[in-house]
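Chain by chain, the residues:
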Amino acid sequence: MKTEPGPGSAPIVEPVSTPYVRIEGVSKNYGSVLAVNDVSLDIKKGEIFCLLGASGCGKTTLLRMLAGFETPTSGRLWIDGVDVTSLPPYERPVNMMFQSYALFPHLSVESNVAFGLQQDRLPSAEIRERVAAMLQMVELTGYEKRKPHQLSGGQRQRVALARALVKRPKLLLLDEPLGALDRKLRERTQFELVNIQERLGVTFVIVTHDQEEAMTLATRIGVMNAGEILQVGEPTQVYEYPNSRYVADFIGSVNLFEGRLIEDEPGHVRIACEDFENVVYVDHGISAAPDAKVTVALRPEKILLSRQRPADLDNARPGENRVSGVVEEIAYLGEVSRYRIRLSSGRLINVSQPNLYRHADRIAWEERVWMAWDSSAPVVLAQ
Amino acid sequence: MRDQVKAWRLGRRLILGIPYAWLIVFFLVPLLIVFGISFSTPKLSMPPIEPLLSYGADQVMQVRLYASNYTFIIGDSLYLAAFANSVKVALISTLLTLLIGYPMAYGIARTSAQWRNILFLLVILPFFTSFLLRVYAWIGLLSRNGPINAILLKMGVIHAPLALLQTDFAVYLGMVYSYLPFMILPLYSAIEKLDPSLLEAAADLGCRPIKAFFRVTLPLTSEGILAGCLLVFIPAVGEYVIPALLGGPGTLMIGRVLWDEFFNNRDWPLASGVAVLTLMLLVGFVVVLQRVQSEKVVSE
Amino acid sequence: MNKRLSPFVLTMLVLGFAFLYVPILMMVIYSFNASRLVTVWDSVHSPTLKWYAELFENSDILDAARLSFRIAAVNATGATILGTLAAFCLVRFGKFRGRALFIALTTAPMVLPEVITGLSMLLLFVALEQVIGWPAGRGALTITIAHMTFCMAYVTVVVQARLSTFDRSLEEAALDLGARPMKVFFLITLPIIAPSVVSGWLLAFILSWDDLVITSFVSGPGSTTLPQLIFSKVRLGVSPDINALATLLVLTVTLVVVGVGLSLQRRERRLSLEAQAAGEPL
């Protein structure tokens with residue numbers, strides 16, 4: 001494997017298809033608690049892979065096993081063709097950016113970044129050169145002599161990044177890299193992080209509980225719950241085609257309806273839901289037994305709100321994918337407004353609408369409104 | 001890889017082994033020796049102990065244990081009085097220290113940050129100053145023609161100098177004086193940790209300051225109180241220097257009895273017996289206290 | 001909570017600190033008293049420095065002070081190494097076999113009455129001499145060993161308190177950057193916990209410098225420490241040169257403790273600020 005390009009040369013490394021990091025049936029238990037349960041995962045070279053899940057789902061344990069701070073109870077870990085399962089952290093070609101940044105408080109910025117290179121006993125001239133180049137890349141030239149406490153939160157984050165990258169690791173692990181930053185800084189840093197990754201071509205594995213962060217950064221996302229990986233895919237995939245109620249609910253918000261499959265054709269299906277008078281029409285086939293119980297997932301932003309009953313869909317029967325209700329709550333958020341609408345079945349449904357016009361005659365409380373959605377919008381999940 | 005795991009295990013064992021071995025050889029074994037020798041009897045030799053193990057005329061190893069030290073200590077009212085007096089002096093001293101130390105600790109914890117640091121330093125400073133010299137300071141103050149008697153005489157409170165030195169009063173004074181910092185430190189850290197908004201909440205709910213103190217502050221600092229009392233009581237029971245310098249010949253305390261048996265009477269086995277009984281007394285005390293404490297935790 | 005103290009608390013503070021400091025102050029004042037009768041103020045010839053002059057001509061006191069200093073310094077260094085190791089084991093090694101006994105052994109020397117510690121140490125040294133011929137006789141060596149044993153317990157407590165609040169991700173970061181465990185300890189852990197190690201050393205030094213009871217049991221002829229000398233003099237009554245000696249000692253200790261205390265406080269404040277800064281952003 002050729003060495004990673006240094007800063008300056010900036011080839012964009014396309015993800016190649018051979019797995020670069022291979023996690024093979026890895027489990028970790030602490031006593032009787034199963035933190036990670038038989039996880040297998042391939043990560044490609046040059047990817048930004050996000051492990052996404054609620055706290056306690058095992059994502060951090062998985063990351064710490066990649067770093068070498070924990071040893072798997074069973075299973076194996078491979079990085080670039082080398083079995084690293086029982087290598088100690090100081091012998092792995094992996095570096096980590098800690099959630100707390102873990103900058104050494106008694107060392108200057110320069111010494112913090114140089115620390116890893118000094119451990120490799122590189123000539124001091126080379127160390128100086130590489131540290132300077134790295135600090136330049138993260139735009140911290142001029143801050144060499146400062147101590148960590150003399151830096152702002154964003155600057156500290158960049159020192160931590162520089163310190164982890166300067167050893168040119170094959171794999172960079174990032175534990176909630178943006179979690180400690182305020183919102184404005186987070187948005188800016190997200191793009192910087194992606195830029196740096198593209199310039200260096202280092203493979204990133206990021207752990208986060210923030211779905212927005214995962215969606216912005218990741219080339220692929222692995223959604224974790226209770227020690228298991230539920231779904232792996234590109235951001236659009238996990239959002240538009242969630243494979244389970246958990247994933248649909250965890251990423252973004254969603255309305256879930258219980259229903260029964262009443263028509264199952266290769267090109268479309270029809271589902272009867274107790275909450276709607278008319279059936280739900282979906283313009284793609286699913287694999288399920290006829291008459292099977294299914295869940296229909298409908299994202300709030302995919303529902304169109306209007307005062308008049310909207311025209312029927314071209315490809316569906318009259319009344320399908322149309323339902324009316326009474327507005328119960330409105331939250332005006334600026335870019336969008338969120339509505340909670342009571343159906344005649346008594347069920348509340350969440351709808352969000354972009355605020356396209358500044359002075360619109362907005363829908364008000366207690367109004368009766370119509371909701372409509374395209375036949376491609378619903379996701380049908382097996383129960 | 002395997003070698004590294006092995007090296008790490010070896011390193012761990014070494015790091016743990018050094019202090020562990022030291023404590024076993026120089027702390028645990030000596031206590032066991034004391035226990036053993038307490039079953040011996042004195043002999044005119046160096047060391048002045050009858051060995052427990054000996055070889056009889058037929059070259060058979062014999063173990064001879066004497067219970068005489070214990071029967072002697074328990075039978076002699078002097079030793080029992082010394083034990084009882086030690087506990088009494090230690091208990092009263094602890095109580096007095098608590099009564100003086102609590103308001104002081106409270107005051108230090110509730111002043112401004114600047115004052116707090118200065119006062120805190122003033123509390124630990126005596127702790128670093130020679131214990132012996134601080135006890136010695138009272139000899140001058142309490143003596144027949146010392147400053148205290150001089151002031152009292154001048155004020156006309158008394159007409160003849162009081163015999164203050166070599167009394168129980170002097171011992172209590174010395175104890176409280178010497179151990180006050182030990183009481184204040186844990187109390188201070190307990191009170192400082194107390195969230196002031198709790199008292200504000202109590203006041204907001206209509207609790208007067210005095211009542212709030214007894215219903216909120218005191219219960220929440222009970223752990224500090226316990227720690228402080230233990231830090232004073234335990235060393236006070238075995239105290240030697242204070243009764244030796246400030247107490248009279250009648251001030252019988254266990255530390256002093258042990259010292260005299262050892263240095264003056266050269267009866268090492270008897271001194272060992274006194275040590276074992278003192279140890280049992282203290283261990284029993286701590287065990288009872290722990291049980292009370294854990295019951296309290298359970299009931300809470 | 002306002003910063004106003006109630007009159008009662010304020011009174012107790014003033015009286016309490018007066019109680020703590022007046023005796024020491026009196027000792028200092030009387031060290032300048034010309035009268036040999038230490039408790040009577042000779043206003044004609046006082047203040048005088050003659051007791052200080054006498055002190056520095058007294059070779060017994062100077063020898064004892066020198067011996068005490070040597071023992072205290074060696075003891076503090078040894079106890080600091082042992083205590084730091086013990087604290088490290090307690091905080092970092094999790095559950096190991098014999099942990100309960102280890103905890104008991106590291107705390108017991110602090111609560112055991114000194115007469116018992118002293119007696120038991122002496123009996124050990126006597127037994128060792130009989131069995132293996134070492135240590136031959138009693139003196140500075142046996143005193144140092146005895147002091148190290150009870151001082152290491154104090155060091156353990158001080159260092160343990162600091163280690164248990166240590167942010168472990170700092171050590172993990174160093175491991176991650178390729179430093180081996182030993183190196184991590186010396187490059188990262190030790191510099192950060194240094195203030196507590198220094199405090200531990202100082203505490204061990206003072207405890208040893210000040211110890212009378214344990215020393216009396218394990219010392220031999222020819223090895224008289226300063227507290228032993230003071231004790232034998234004081235038993236015979238108050239003597240003015242002891243006042244002078246006490247004044248010098250109090251002065252030294254005050255300067256050292258205040259100096260070290262202030263610099264440690266400053267360093268600790270800065271380090272905790274740094275740690276805070278490195279840990280949680282603003």
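Source: prediction; values computed, not measured.

With respect to the overall build of chain B
- On a plain count of helices and strands, chain B comes out with 13 helices and two strands.
- Taking 19 Å as the expected radius of gyration for a compact globule of 300 residues, we find that chain B reaches 25 Å, considerably beyond that expectation.
- When the backbone C-alpha atoms are referred to their principal axes, chain B occupies close to 85 × 80 × 35 Å.
- A buried classification covers 48% of the 300 residues belonging to chain B.

Here's the deal with the overall build of chain A
- Helix and strand counts for chain A stand at eight helices and 20 strands.
- Along the first, second and third principal axes, the C-alpha set of chain A runs to 75 × 50 × 40 Å.
- Across the 383 residues of chain A, 52% fall into the buried class.
- Roughly 17,400 Å² of accessible area belongs to chain A as shown, and the carbon and sulfur atoms make up 49% of that amount.

Focus: the nonpolar core
- Formed by 210 residues in total, the largest nonpolar core has its most connected members in Ile-23, Leu-62, Phe-104 and Leu-173 of chain A, Leu-258 of chain B together with Phe-102 and Phe-217 of chain C.
- Not counting chain neighbours up to four residues away, the residues in contact with Leu-62 of chain A comprise Ile-23, Val-26, Val-36, Val-39, Leu-51 and Met-224 of chain A.
- Listed in part, the 45 residues of the second largest apolar core include Tyr-101, Ala-114, Leu-178 and Ile-221 of chain A.

What to know about helix 2 (residues 50-57) of chain C
- Among all positions of helix 2 of chain C, only Trp-51, Tyr-52 and Leu-55 of chain C are buried. Within helix 2 of chain C, the buried residues cover an arc of 100 degrees as seen down the axis, which keeps them to one side.

Structural notes on unusual backbone geometry
- In the segment running from Trp-134 of chain C into Pro-135 of chain C, the intervening peptide bond is cis, with an omega of -5 degrees.
- Position of Pro-135 of chain C among the secondary structure elements: in the loop between helix 5 (114-132) and helix 6 (140-163).
- The residue Asp-80 of chain A is not glycine, and still its phi comes out positive at about 50 degrees.
- Structurally, the position occupied by Asp-80 of chain A is in the loop between strand 4 (74-79) and strand 5 (82-83).
- Residue class for Asp-80 of chain A comes out buried when judged on its relative accessible area of 18%.
- Phi at Glu-176 of chain A is positive, roughly 45 degrees, even though this residue is not glycine.
- Within the secondary structure, Glu-176 of chain A sits in the loop between strand 7 (171-175) and helix 5 (183-200).
- The buried category is assigned to Glu-176 of chain A, whose relative accessible area is 7%.

Section: the sheet that holds strand 15 (residues 303-306) of chain A
Residues and elements named next belong to chain A.
- With antiparallel pairing, the five strands of this open sheet are ordered in space as 15-19-16-17-18. The sheet is open, and its two borders are formed by strand 15 and strand 18 (348-354), each paired with just one other strand. Strand-to-strand twist in this sheet, taken as the mean axis angle between neighbours without regard to direction, amounts to 45 degrees.
- In terms of strand pairing, strand 16 (residues 322-332) meets strand 19 (residues 368-373) through five bridges, oriented antiparallel. Looking across to strand 19, one finds that Gly-325 is bridged to Val-369.

Structural notes on the interface of chain C and chain B
- The interface of chain C with chain B comprises 79 residues on the first partner and 85 residues on the second.
- Both faces combined, the contact of chain C with chain B buries some 7,600 Å², and carbon together with sulfur accounts for 83% of it.
- Connecting chain C to chain B are zero salt bridges.
- In this structure, the connection of chain C to chain B is made through nine residue pairs in polar contact (both at pLDDT 80 or more).
- Considering every element that reaches the side of chain C that touches chain B, the biggest residue donor is helix 1 (residues 7-30) of chain C, with 14 residues.

Side note on the domain arrangement of chain A
All names here are of chain A.
- As assigned here, chain A comprises domain 1 (2-93 + 169-246) and domain 2 (253-381).
- Placing a centre on the C-alpha atoms of domain 1 and another on those of domain 2 gives a separation of 35 Å.
- Contacts between domain 1 and domain 2 engage seven residues on the former and eight residues on the latter.
- Across the domain 1/domain 2 interface, buried area totals approximately 690 Å², and carbon plus sulfur atoms make up 49% of it.
- The tally of links between domain 1 and domain 2 comes to two salt bridges.
- Glu-258 serves as the salt-bridge partner of Arg-245, at 3.0 Å between the closest nitrogen and oxygen.
- Joining domain 1 to domain 2, the criterion identifies four residue pairs in polar contact (both at pLDDT 80 or more).
- Of the residues forming the side of domain 1 that touches domain 2, the biggest block, three residues, is contributed by helix 7 (residues 235-240).
- The residue makeup of the side of domain 1 that touches domain 2, split by class, is three nonpolar, two polar and two charged.

Observations regarding the pattern of salt bridges
- Inspection of the entire model under this criterion finds 30 salt bridges over all chains.
- Between Arg-270 of chain A and Glu-320 of chain A there is a salt bridge, with its nearest N and O atoms 2.6 Å apart. In this pair, Arg-270 of chain A sits in strand 12 (residues 269-273) while Glu-320 of chain A sits in the loop between strand 15 and strand 16, placing the two residues 50 residues apart along the sequence.
- By relative accessible area, which is 5% here, Arg-270 of chain A ends up buried.
- A salt bridge links Lys-233 of chain C to Asp-241 of chain C, with the nearest nitrogen and oxygen atoms 3.1 Å apart.
- Judged by relative accessible area, which is 9%, Asp-241 of chain C ranks as buried.
- Residues joined by salt bridges that share partners form a network here, namely Glu-263, Arg-270, Arg-317 and Glu-320 of chain A.

Comments concerning a nonpolar patch on the surface
- Nonpolar side chains collect at one region of the surface, where Ile-24, Val-25 and Val-29 of chain B together with Leu-101 of chain C lie side by side and expose about 250 Å² of accessible area between them.
- If one sorts the elements of the nonpolar patch by residue count, helix 1 (residues 2-37) of chain B sits on top with three residues.
- Secondary-structure assignment places Val-25 of chain B in helix 1.

What to know about the confidence of the model for chain A
- Here chain A averages 88 in pLDDT, and 95% of its residues register 70 or above.
- Taken as a whole, residues 1-16 of chain A scores under 50 in pLDDT and shows 28 contacts with residues more than four places along the chain or in a different chain.

Some points on the sheet that holds strand 4 of chain A
Residues and elements named next belong to chain A.
- With antiparallel pairing, the four strands of this open sheet are ordered in space as 2-1-4-5. Strands with a single pairing partner mark the edges of an open sheet, and in this sheet they are strand 2 (33-44) and strand 5.
- Note that strand 1 (residues 19-30) and strand 2 share eight bridges and pair antiparallel. Across the sheet, Val-21 pairs through a bridge with Ile-43, a residue of strand 2.
- Sheet strands touched by helix 1 (residues 59-67): strand 1, strand 2 and strand 4. Its angle to strand 1, the strand with the most contacts, is close to 120 degrees.

Regarding the packing of aromatic side chains
- Tallied over the full model, the rule gives 37 aromatic pairs over all chains.
- Of the aromatic side chains, those joined through ring pairs into one cluster are Tyr-240, Trp-259, Phe-262, Phe-263 and Trp-268 of chain B together with Phe-217 and Phe-231 of chain C.
- When the ring centre of Phe-104 of chain A is taken as origin, the NZ or CZ atom of Arg-163 of chain A, which lies over that ring, is 4.6 Å away.
- Sitting over the face of the ring of Tyr-106 of chain B, Arg-110 of chain B holds its NZ or CZ atom 5.6 Å from the ring centroid.

Comments concerning the state of the cysteines
- All told, the structure shown has zero disulfides over all chains when counted by the stated rule.
- Here Cys-89 of chain C stays unpaired: no disulfide links it, and the sulfur of Cys-151 of chain C, its closest cysteine neighbor, is 19 Å away.

Quick notes on the pairing of strand 9 (residues 220-225) of chain A
All names here are of chain A.
- Counting buried positions along strand 9 yields five of six residues, so the element is predominantly enclosed.
- As paired strands, strand 3 (residues 48-52) and strand 9 are joined by four bridges and run parallel to one another. Bridging from a neighbouring strand, Leu-51 pairs with Gly-222 of strand 9.
- The pairing of strand 9 with strand 10 (residues 228-233) spans five bridges and is antiparallel. Its bridge partner being in strand 10, Val-223 is matched across the sheet by Gln-231.
- Adjacent in sequence and paired antiparallel, strand 9 and strand 10 are bridged by two residues, among which Ala-226 carries a positive phi angle near 50 degrees.

What to know about the packing of helix 3 (residues 59-92) of chain C against helix 10 (residues 226-235) of chain C
Residues and elements named next belong to chain C.
- The N-to-C vectors of helix 3 and helix 10 enclose an angle of 140 degrees; their axes lie 7 Å apart at closest approach. Judged on the interaxial angle alone, helix 10 and helix 3 are oblique. Taking contact as the criterion, the partners of Asp-60, Ile-61, Ala-64, Ala-65 and Ser-68 in helix 3 are, on helix 10, Leu-226, Pro-227 and Leu-229.

Thoughts on the environment of Leu-31 of chain B
- Turning to its location among the elements, Leu-31 of chain B is positioned in helix 1.
- Through-space distance from the C-alpha of Leu-31 of chain B to that of Phe-131 of chain B is 26 Å; in sequence the pair is 100 residues apart.

Rules used throughout
Residues numbered from 1 in each chain as written. Chains lettered and ligands numbered in written order. Predicted model: local features only at pLDDT ≥ 70, side-chain atom pairs only at ≥ 80, totals over all residues. Heavy atoms only, no water. Helix = DSSP H or I, 4+ residues; strand = E, 2+ residues; numbered from the N terminus. Rg over C-alpha atoms; globule rule 2.2 N^0.38 Å. Buried < 20%, exposed > 50% of the residue type's maximum accessible area, 1.4 Å probe, protein only. Areas by Shrake-Rupley, 256 points an atom, 1.4 Å probe, with all protein chains shown as cover. Core = buried A, V, L, I, M, F, W, Y, C linked by side-chain atoms within 4.5 Å. Contact = heavy atoms within 4.5 Å. Arc of directions from axis to C-beta. Pairing = 2+ DSSP bridges. Axes fitted to C-alpha atoms, helices over the stretch in contact; angles between N-to-C directions. Buried area = accessible area lost by both parts, 1.4 Å probe. Salt bridge = Lys/Arg side-chain N within 4 Å of Asp/Glu carboxyl O. Polar contact = N/O pair within 3.5 Å; in protein donor to acceptor, adjacent residues only side chain to side chain. Domains from an automatic or database assignment. Nonpolar A, V, L, I, M, F, W, Y, C, P; charged D, E, K, R; others polar. Patch = residues over 30% accessible without salt bridge, like charges linked within 9 Å, V, L, I, M, F, W, Y side chains within 5 Å. pLDDT = per-residue confidence, 0-100. Phe/Tyr/Trp six-rings, centres within 6.5 Å; stacked < 30°, edge-to-face > 60°. Lys NZ or Arg CZ within 6 Å of the ring centre and 35° of its normal. Disulfide = S-S within 2.5 Å. Parallel < 35°, antiparallel > 145°, perpendicular 65-115°, else oblique.

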